[in-house]
Amino acid sequence: MVAFGKFMSIDSGKRLPAYDNGRSFAYEATDNRDKSKKFIAIVSDPAQLPRWPFIDSYDGLAETSFLHLVGSGVLHWPLKNKQQYIFLYQGGLGECLVRQGEFSKHSWNHHDVMSFFITPMINLLKEMSEKGFNHGSIRPSNIFYAGGDRNKPIILGDSLSVHSHSTQPAVCLPIDKALAVPMARGNGSLADDIYAFGVTLALFLRKNDEMAGLTDRDIVRKKIEVGSFATIVGVERFHASFLELLRGLLHDDPALRWGLEDIFSWLDGSRMSPPALSRRIKANRPLVFQGKKYLYPDVLALDLQAHPDAVAKIVENQELTQWIEKSFTDKDIEDRYRKALERVASVGSIHDNKDLVVTQISIAFNAMLPIHYKGVNFTHEGIGAGMARAAYDDGDLSVFKDILLLNILDHAVVAKSLSHNEIMAQIKNFDVC
């Protein structure tokens, strides 16, 4: 038993694995004044970059579907023989709604899904928005029955013990975060939580898991090729109003993804026009790269990353340049490609900067992907936490130094569909770095 505060004790021998959040493990805790009361203590290693600065924001959330935070702090954890951060939550939770691989075992009607899941989740998103907090761990395995009662609204599990998005499976993440290093996915936003809500809802409703057996990279490729909605919903037959909601929640462009106002309009019964799918740029003739034919540069960008030598070769011999100049009626991509090569040329030759060539061309071809440089994938907003984790692990920080000195972050953020103010705010941050 490990003392926590004046009255609480954590039993290091009683694991509660159902409430783990990645490598942050859950244990049973009790109040010494009333042994009948049960609590959940989640022990977070510093390497998980626990979100202790957000405790006040989380504590201000009043919705009953949030896991209630009782206390937090640092203590000496005997199992690791070092100081670790503890998040103490109210206990009495039931099992998670859907365990991995058990999607087809449940059958919820329209009314039940609305009352115990959709309405509570929408209210949670609304309050998080008002308090300036994002969850970052919305997924089926982190949503629980309240007290084991399947008729009560759900309880959303822990989000403070790990860095935002770091424990999310790729399917629950937008394309720009799905392949990033877990600690370099960024702090996240309301739009990311709305996307994760949409994925979770679809996984609850579906009878089959068509993505079983697919790797994270396979899932991202499919999202690029057909969009997140088609990837996740697949051939499932859902209630028409749910399909309308899912189309809005799962749009890949965060600027076109439904916001809270759209969601509440849907909840009130308004008929909503589904957001238009983003137009993909297609070549009129394929490029053959590493034995595969490519008509879409957004998919090519994903596969360039594993072959820097081959990329440098087709750039140096003008093969890629000729494909860009002769195969597209959309001249925007030609302009982006030309600027990418100019940025490389300002540093040195193609041959001596193969990794930078891949990075710049990937940004030009698909700005939705995480930034890729020398084998590291990260979002423009996630580099800080990525550096922190690398420093904690005594890793090589030279790659991050290169990223900053080469202005890769500036180029990546300008390529995204952000507002001018958002772009300038990010570039200011990079300049300070």
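Please refer to the structure placed before this passage.
Nothing here was measured: the structure is a model prediction, and the numbers come from that model.

### What to know about the side chain of Asp193
Here is step 1 of the chain: The residue Asp193 is located in helix 4 (residues 190-205) in this model.
Here is step 2 of the chain: One buried charged side chain, Asp193, makes no salt bridge at all; its nearest oppositely charged neighbour is Arg51, positioned 7.1 Å away.
Here is step 3 of the chain: Of the polar contacts made by the side chain of Asp193, one reaches the backbone nitrogen of Gly136; its length is 3.0 Å.
Here is step 4 of the chain: Once residues within four sequence positions are removed from consideration, Asp193 is found in contact with Leu125, Met128, Asn134, His135, Gly136 and Ile138.

### Observations concerning helix 16 (residues 408-415)
Here is step 1 of the chain: Of all eight residues in helix 16, six are buried; the element is thus mostly enclosed.
Here is step 2 of the chain: For helix 16, every residue scored as buried is listed here: Ile408, Leu409, Asp410, His411, Ala412 and Val413.

### Considering the packing of helix 12 (residues 331-345) against helix 13 (residues 354-365)
Here is step 1 of the chain: Interaxial distance between helix 12 and helix 13 falls to 9 Å at its minimum, and their mutual angle equals 160 degrees. Taken together, helix 12 and helix 13 sit at an angle that is classed as roughly antiparallel. At the point where helix 12 passes helix 13, the crossing takes the right-handed sense. Between helix 12 and helix 13, the contacting residues are Ile333, Arg336, Tyr337, Ala340, Arg343 and Val344 on the first element and Leu356, Val357, Gln360, Ile361, Ala364 and Phe365 on the second.
Here is step 2 of the chain: A breakdown of the residues in the contact of helix 12 with helix 13 according to their chemical character gives nine nonpolar, one polar and two charged.

### Some details on the pairing of strand 2 (residues 8-15)
The side chains of a regular strand alternate between the sheet's two faces.
Here is step 1 of the chain: Alignment of strand 1 (residues 2-4) against strand 2, held across three bridges, turns out to be antiparallel. Bridging from a neighbouring strand, Ala3 pairs with Ser9 of strand 2.
Here is step 2 of the chain: Turn length for the strand 1-strand 2 hairpin, with the two strands adjacent in sequence and antiparallel, is three residues, and the turn residue Gly5 shows positive phi of about 70 degrees.
Here is step 3 of the chain: Judged from the five bridges that link them, strand 2 and strand 3 (residues 25-31) form a sheet pairing that is antiparallel. The residue of strand 3 that forms the bridge with Asp11 is Glu28.

Cut-offs and rules
Residues numbered from 1 in each chain as written. Predicted model: local features only at pLDDT ≥ 70, side-chain atom pairs only at ≥ 80, totals over all residues. Heavy atoms only, no water. Helix = DSSP H or I, 4+ residues; strand = E, 2+ residues; numbered from the N terminus. Buried < 20%, exposed > 50% of the residue type's maximum accessible area, 1.4 Å probe, protein only. Lys, Arg positive; Asp, Glu negative; His and termini not counted. Salt bridge = Lys/Arg side-chain N within 4 Å of Asp/Glu carboxyl O. Polar contact = N/O pair within 3.5 Å; in protein donor to acceptor, adjacent residues only side chain to side chain. Contact = heavy atoms within 4.5 Å. Axes fitted to C-alpha atoms, helices over the stretch in contact; angles between N-to-C directions. Parallel < 35°, antiparallel > 145°, perpendicular 65-115°, else oblique. Left-handed = near helix turned anticlockwise from the far one by under 90°. Nonpolar A, V, L, I, M, F, W, Y, C, P; charged D, E, K, R; others polar. Pairing = 2+ DSSP bridges.

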